Amino acid sequence: MKQHSFEKFINKEKNSRKKEAIKQEKRKWKEEKKKRHEERARDMNYEMQVSKFISSKKENTQPGRRPLKQASKAKAANADKPASTEMPLNKFIAYAGVCGRREAAELVKEGKVKVNGNIIYEPGFKVTAADIIVFNNKKLHLQKNLVYILLNKPKDYITTAKDTHGRKTVFELVQQATDERIYPVGRLDRNTTGVLLLTNDGELTQKLTHPSFEIKKIYEAKLDKPLLKKDMEALLKGFELEDGFIAADAVGYAGEKDKSLIGIEIHSGRNRIVRRLFEHLGYEVKGLDRVLFANLTKKNLERGKWRFLHEKEVRLLKYMNQSFVRKKSKAAPEKSG
């Protein structure tokens, strides 16, 4: 598909408006930088504590001590540890590069994580660098080097680290990029191509996948037949699926003549949501390509290739939709009352 035909759909802004938007993002970032100073200071203190712990290689376990069986007893055993070095267990797992915080919380609830030899079921259970956290029979360590990789995912690759059926994974494409353990932010199914972010930044992953931030995604879908106007209106109006109401933010013909080539903008992160939307209306999706995720595109990135994000891109991702979420959270109590 020609680039200019899809640009009409996404309603490309003028350069002056883009520059102004970037300036506003910078202003917001500077304001929040001041407010978050104290929090960053605590994080720096925490990192210093971690470094001291690693260098000293001291163990905070007592030989011959009978293992605790309940999470409440384990928490009591940690009561004397410095509060400045504590963090929730699911946050530790995310910072260790295993997965995002929400996925980490599920792992904990399923009893797949041990702390000092004891299975913990509470994602918010406080741990420190002195604790021995084990997942999949491997001790977890906090990540120090944050990595952000943008991949233009090709077809027939899955977004899991390992596959029992021997299928190709996206990690094979980026294995030369870093020695850090990274994971995808959200997932694209095997037959979906396009923009995919991989990182070991648990905090950023939590934000980009949380529904409250309403992160924008734009897809190009190739259908088995032309999309009717009434069905386009139905997508915009929305309808009920098995997991709740859903509506597209924008829909348009991506091709000048081919009305089976559709551009669709959506912020939902539900599983296979774009395919399910069209299937509900009686269409089969022959091809699906994600052309935009958050503020990331696959521009100048060939299929199957990857690159590291620039510092500015990472900064914009971290503060994307921040003011929107704050306004939403302030409005929530008034609405409930």
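Procedures and definitions
- Residues numbered from 1 in each chain as written.
- Predicted model: local features only at pLDDT ≥ 70, side-chain atom pairs only at ≥ 80, totals over all residues.
- Heavy atoms only, no water.
- Buried < 20%, exposed > 50% of the residue type's maximum accessible area, 1.4 Å probe, protein only.
- Helix = DSSP H or I, 4+ residues; strand = E, 2+ residues; numbered from the N terminus.
- Pairing = 2+ DSSP bridges.
- Salt bridge = Lys/Arg side-chain N within 4 Å of Asp/Glu carboxyl O.

As for the pairing of strand β14 (residues 261-266)
On any regular strand, side chains alternate: one points to one face of the sheet, the next to the other face. Counted residue by residue, β14 has six buried out of six residues, so it is predominantly covered. Burial of the side chains of β14 extends over both faces: L261, G263 and E265 are buried on one face and I262, I264 and I266 on the other. The pairing of strand β10 (residues 217-223) with β14 spans six bridges and is antiparallel. When the sheet's bridge partners are listed, K217 is paired in β14 with I266. Summarising the sheet, strand β13 (residues 250-253) and β14 pair through four bridges and their orientation is antiparallel.

Details of the pattern of salt bridges
Pairs can form between side chains of opposite charge whenever their charged atoms are close. Taken as a whole, this structure holds 15 salt bridges when the rule is applied. A salt bridge links K222 to D258, with the shortest nitrogen-to-oxygen separation between them at 2.6 Å. Taken together, the residues span a long stretch of sequence, with K222 in strand β10 and D258 in the loop between β13 and β14 at a distance of 36 residues. Residue classification places K222 among the partly exposed positions, given a relative accessible area of 32%. Among the residues examined, D258 registers a relative accessible area of 31% and is labelled partly exposed. In this structure, the salt-bridge partner of E313 is R307, at a minimum N-O distance of 2.8 Å. Three or more residues joined by partner-sharing salt bridges are found here, namely E242, D243, R270 and R276.

Here's the deal with the pairing of strand β9 (residues 192-199)
Here β9 lies mainly inside the structure; eight of its eight residues are buried. Sheet topology places strand β7 (residues 148-153) next to β9; six bridges connect them, and they run antiparallel. Paired with L150 across the strands is L197, a residue of β9. In this structure, strand β8 (residues 183-184) lies alongside β9, joined through two bridges in antiparallel fashion. Each bridged residue has a counterpart across the sheet, and for P184 the counterpart in β9 is L198. For β9 and strand β15 (residues 285-293), the ladder comprises three bridges, and the chain directions are parallel. Opposite T192, over in β15, you have L288 as the bridge partner.

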